[in-house]
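# Summary of structural features
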Amino acid sequence: MSDNTTPSNNSFLNDAGNRALIFQILLLAIVVFAGYYLFSNLQANLDNRGISTGFSFFNEPAGFPILIHLIEYTEADTYGRAFVVALINTFVISLLGIILATIIGVIMGLARLSKNWLVARLATVYIETLRNIPLLLQMFFWYFAVLAALPAPRDSYEFADFLLNKRGIYSPNPIAQDGFGLVIFGFILSIVASISLIVWAKKRQTRTGLWFPAYWSSLGLIVGITFIFLAIAGFPIEFDLPQKSRFNVTGGMVLPPEFVAVLVALSTYTGAFIAEIVRAGILSVNWGQTEAARSLGLRDNMTQRLIVLPQALRVIIPPLTSQYLNLAKNSSLGAAIAYPELVAVVMGTTLNQTGQAIETIGLCMLVYGSLSLSISVFMNWYNKKMSLIER
Amino acid sequence: MAIIFKPSPSLPPPVTSVGAVAWVRQNLFSSPLNIFLTLFSLYILYLLVPPVIEWAFINATWEGSSKAACTAGGACWAFIGVYFDQFMYGLYPDSETWRINLAVILLVVMVGAFAIKSINKLYLSLAILVVYPIVAYFLFAGGIFGLEVVETSLWGGLFLTVLLGVIGIVASFPLGIVLALGRRSEMPIAKSVCVVFIETIRAVPLITILFMASVMIPLFLPEGLNFNKLLRVLIGITLFSGAYMAEVVRGGLQAIPKGQYEAADAMGLTYWQSMILVILPQALKLVIPGIVNSFISLFKDTTLVYIVGMFDFLGRIQAANHDSNWLGTTVEGYAFAALIYWIICFGMSRYSMALERKLETGHKRN
């Protein structure tokens, strides 16, 4: 600590402030010099190897296919568009992974605290197994051992109109017909109605203390109103069903095995970590709180929702944020099983074809950096909103 | 005549409140929901356990030299047997694997020597941290005392995994401490250098760091100077886990009450004296669980070197799974890998709990 200044009658170097100053100047010099040295080496190397710099390659045709794309993409499209496709793939898998992992984590965390001995043991086994095995191994397992062992398209497993085979999961594809606009209108109407209901219920509760199950009723409202409009419009949806043909499946929507493997591995793995966070959060709420709530006459589910959970969330949110960040970053492992996300497309194929190492690797790091930053900004905002307000 | 009260012997407690029956009632069938959950769990166990046991043990083939030997319909463990040496040592020459074994035995003996009371712990630590790595390096790489040279590109399997993990851990530990101290320092330039480094590294996935290490480091070095790939990957892993270690250590530093810093200052200790003698021992003890957690995740993360083309334990398993003579043994390979990783990681986490209890000095509020 630099505040333990010694009396200044000593020599110049004995003064802590001076020493700190000298040390920092040295450090800065080293950092600047190292940066300059590395940069000049880089330029010399790039010149020697004839590698051009800059992002002009973004406008050139990429020439490689990307199997999973949510926007139009063909081999004739540019590297720039390939980058956008990969970016969307990374976002989609991260978002779905976060949602699924949270659901799994909450269920498993509660299960581990269950009073039912068997349930608690099973949850413990799940958590301890998945946490202690590398994620990459789990991805390989789902992709090469489980999904690859599924039957060929012609022997697909069938449930209702769904098909399951080694090419992926096929589901009916809903196609909107004439008059679907009316249904959308009904859906929006139902959402407006339920929001007003929730606002009204909250106001009435603060005024009179009377309880109204607003959330369940609004769920009913949304389903009910939408259904009525669906009926009025004459059910304007047709389903494109997946059909088995000799070697493949035609029609329907498909979730490719790469996507399924990455999603399952990411969410079950991160779910195990979230389970432990949830458990720790709930255990951190003093038992006296539960007892107090009971003596006030709150029912068990209301005790959980109004007393225990809000307090547990304060403990849960910060580590949960890191788990979400980890999941988003771990989606990069999809590159190992050919899920076309950012690392696979940009740092894999694009780097190989163009040799633009600095640009591609730098771009990837920038994207992940901003992704991490936005997740943590959002979660910090939420954390602040939930945190204890002390006076 | 006086009536003397003679108590009759107490009845045994009802079976419904003690013993196995009561336990089952209380823990498994206490409410309708619980009954449902119990039956549901039993159903899941029924679905999973018997087929797995049948596959892994009853119908398994344990010996044989080719896929043809596996006719029982269960697991083909013979596959693991045939490939075992590759899984452990990678492509390290068979005649030289004794060098790896010797190094492992040496390490075990030296670590085991900690248990002997009369040995000077300081010298022993120095021997492990300074002398041993040099000895081990020459044992692995060869080139002196007539030992055959073994290129690092041949290193692989569990040997490489452990090597990456151990070196990453040992090297990232001091780096993490320095970064954490820097981040807490009151010198603005030193602080911002550390903050920028830590936050940049923590924001990106390990894969990008590994790609950077294997593709970009050569571009940044002067012509003619080039590290081999293993060293570059090691640098990447060390920087990566150093940043995480720094945050763990920072947590411990923040938990030390201000009075400890002030007391150290009041004693007239210099900055480094007060850190090494007073603050760090307490801070590090507090964050043992965090440190072990980052060790465990580093150990699991070493599998990513497979993506930049190195064949560690998982990489060797993956390569063997693609052997056309052994088609259909994928699950066995992964099961074996999962078992080994699980034992090591679970063991580490249990060890950290034991260590925590051992170092507990009773300041915790109960």
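Residues numbered from 1 in each chain as written. Chains lettered and ligands numbered in written order. Predicted model: local features only at pLDDT ≥ 70, side-chain atom pairs only at ≥ 80, totals over all residues. Heavy atoms only, no water.

When helices and strands are tallied, chain B shows 14 helices and zero strands. The order of α-helices and β-strands along chain B, N terminus first, is α-α-α-α-α-α-α-α-α-α-α-α-α-α. Taken over C-alpha atoms, the radius of gyration comes to 28 Å for chain B, far larger than the 21 Å a tight globule of 366 residues would show. Expressed along its principal axes, the backbone C-alpha trace of chain B runs to roughly 110 × 75 × 45 Å. With 366 residues in all, chain B has 42% of them scored as buried. Long-range pairs, those at least 24 residues apart, make up 65% of the contacts in chain B with a sequence separation of at least 6. Charge centroids of chain B, computed over 22 positive and 19 negative side chains, lie 15 Å from each other. (Helix = DSSP H or I, 4+ residues; strand = E, 2+ residues; numbered from the N terminus. Rg over C-alpha atoms; globule rule 2.2 N^0.38 Å. Buried < 20%, exposed > 50% of the residue type's maximum accessible area, 1.4 Å probe, protein only. Contact = heavy atoms within 4.5 Å. Lys, Arg positive; Asp, Glu negative; His and termini not counted. Charge placed at Lys NZ, Arg CZ, Asp CG, Glu CD.)

Contacts between chain A and chain B engage 53 residues on the former and 56 residues on the latter. Taken together, both faces of the contact between chain A and chain B bury some 4900 Å²; the carbon and sulfur share is 72%. Viewed at the interface, chain B and chain A are joined by one salt bridge. Between Arg 350 of chain B and Glu 128 of chain A there is a salt bridge; the shortest N-O distance is 3.7 Å. The interface formed by chain A and chain B contains 14 residue pairs in polar contact (both at pLDDT 80 or more). The leading source of residues in the side of chain A that touches chain B is helix H1 (residues 16–49) of chain A, at 14 residues. When the residues that make up the side of chain A that touches chain B are grouped by side-chain class, the tally is 35 nonpolar, 12 polar and six charged. (Buried area = accessible area lost by both parts, 1.4 Å probe. Salt bridge = Lys/Arg side-chain N within 4 Å of Asp/Glu carboxyl O. Polar contact = N/O pair within 3.5 Å; in protein donor to acceptor, adjacent residues only side chain to side chain. Nonpolar A, V, L, I, M, F, W, Y, C, P; charged D, E, K, R; others polar.)

Leu 342 of chain A together with Phe 87, Phe 140, Trp 155, Leu 253 and Phe 313 of chain B are the most contacted members of the largest nonpolar core, which totals 165 residues. It is helix H7 (residues 257–284) of chain A that provides the largest number of residues to this core, a total of 13 residues. Discounting residues that sit within four places of it in the chain, Phe 87 of chain B has contacts with Phe 79, Ile 80, Gly 157, Leu 158, Phe 313, Arg 316, Ile 317, Ala 320 and Phe 336 of chain B. Judged by nonpolar contacts, the second largest core, of five residues, contains Tyr 126, Ile 127, Leu 130 and Ala 275 of chain A. (Core = buried A, V, L, I, M, F, W, Y, C linked by side-chain atoms within 4.5 Å.)

What follows concerns helix H1 (residues 19–28) of chain B. Among the residues making up H1 of chain B, those that are buried are Ala 22, Asn 27 and Leu 28 of chain B. Each element contacted by the buried residues of H1 of chain B is listed here: helix H3 (117–131) of chain A together with helix H2 (32–58) of chain B.

Let's shift gears to the state of the cysteines. All names here are of chain B. Under the criterion given, the structure shown has one disulfide over all chains. Covalently, Cys 70 is tied to Cys 76 through a disulfide, its sulfur atoms 1.8 Å apart. Between Cys 70 and Cys 76, the S-S torsion sits near 55 degrees, and that sign places the bridge as right-handed. The pair Cys 70 / Cys 76 is uniform in exposure class, with both members buried. (Disulfide = S-S within 2.5 Å.)

Within the secondary structure, Arg 202 of chain B sits in helix H7 (residues 188–203). When neighbours within four sequence positions are excluded, Arg 202 of chain B is seen to be in contact with Lys 329 of chain A together with Ala 243, Tyr 244 and Glu 247 of chain B.

All names here are of chain A. By secondary structure assignment, the location of Tyr 382 is in helix H11 (residues 357–386). Its relative accessible area of 26% is what places Tyr 382 among the partly exposed residues. A sequence separation of 290 residues divides Tyr 382 from Val 92, and the C-alpha atoms of the two residues are 22 Å apart. Ignoring anything within four residues of it in the chain, the contact list for Tyr 382 reads Leu 313 and Ile 317.

Residues and elements named next belong to chain A. Both strand S1 (residues 157–159) and strand S2 (residues 162–165) contribute to a ladder of three bridges, which runs antiparallel. Residue pairing in the sheet places Phe 159 in a bridge with Phe 162 of S2. In sequence, S1 turns back onto S2 through a hairpin of two residues, with Ala 160 there showing a positive phi of about 50 degrees. Between S2 and the antiparallel strand that follows it, strand S3 (residues 168–171), lie two residues. (Pairing = 2+ DSSP bridges.)

Right, let's talk about the packing of aromatic side chains for a bit. Summed over the entire model, instances satisfying the criterion amount to 40 aromatic pairs over all chains. Geometrically, the ring pair formed by Phe 240 of chain B and Tyr 244 of chain B is tilted, given 5.0 Å between the ring centres and 45 degrees between the ring planes. Of this pair, Phe 240 of chain B and Tyr 244 of chain B both sit in helix H9 (residues 229–255), separated by four residues, roughly a single helical turn. Put simply, the rings of Phe 79, Tyr 83, Phe 84, Phe 87, Phe 299, Phe 313, Trp 326, Phe 336 and Tyr 341 of chain B pair up and form one aromatic cluster. In this arrangement the basic side chain of Arg 131 of chain A is found over the ring face of Phe 273 of chain A, its NZ or CZ atom lying 6.0 Å from the centre. The ring of Tyr 244 of chain B has Arg 202 of chain B lying over it, and the distance from NZ or CZ to the ring centre is 5.7 Å. (Phe/Tyr/Trp six-rings, centres within 6.5 Å; stacked < 30°, edge-to-face > 60°. Lys NZ or Arg CZ within 6 Å of the ring centre and 35° of its normal.)

Attention now moves to the sheet that holds S2 of chain A. All names here are of chain A. Sheet architecture is open: four strands sit in the order S1-S2-S3-S8, paired in antiparallel fashion. The open sheet terminates on both sides in strands that have one partner only, identified here as S1 and strand S8 (253–255). Looking at each pair of strands side by side, their axes are set apart by 20 degrees on average, direction ignored. Pairing between S3 and S8: three bridges, direction antiparallel. Along S8, the bridge assignment pairs Ile 169 with Leu 255. (Axes fitted to C-alpha atoms, helices over the stretch in contact; angles between N-to-C directions.)

All names here are of chain B. Residues at a pLDDT of 70 or more form 98% of chain B, whose mean pLDDT is 88. Within chain B, H1 has the poorest average pLDDT of any element, 83, and helix H6 (residues 157–184) the best, 93. The ipTM for the predicted assembly is 0.89, set against a pTM of 0.87. (pLDDT = per-residue confidence, 0-100.)

Further remarks concern unusual backbone geometry. At Ala 338 of chain A, a position not held by glycine, the phi torsion is positive, near 65 degrees. Checked against the element boundaries, Ala 338 of chain A lands in the loop between helix H9 (300–330) and helix H10 (342–354).

All names here are of chain B. Here the structure, examined in full by the defined rule, presents 11 salt bridges over all chains. Residue Glu 96 pairs with Arg 99 through a salt bridge whose shortest N-O separation is 2.6 Å. For the pair Glu 96 and Arg 99, a shared accessibility class is recorded, and that class is buried. A salt bridge links Lys 258 to Glu 262, with the nearest nitrogen and oxygen atoms 3.6 Å apart.

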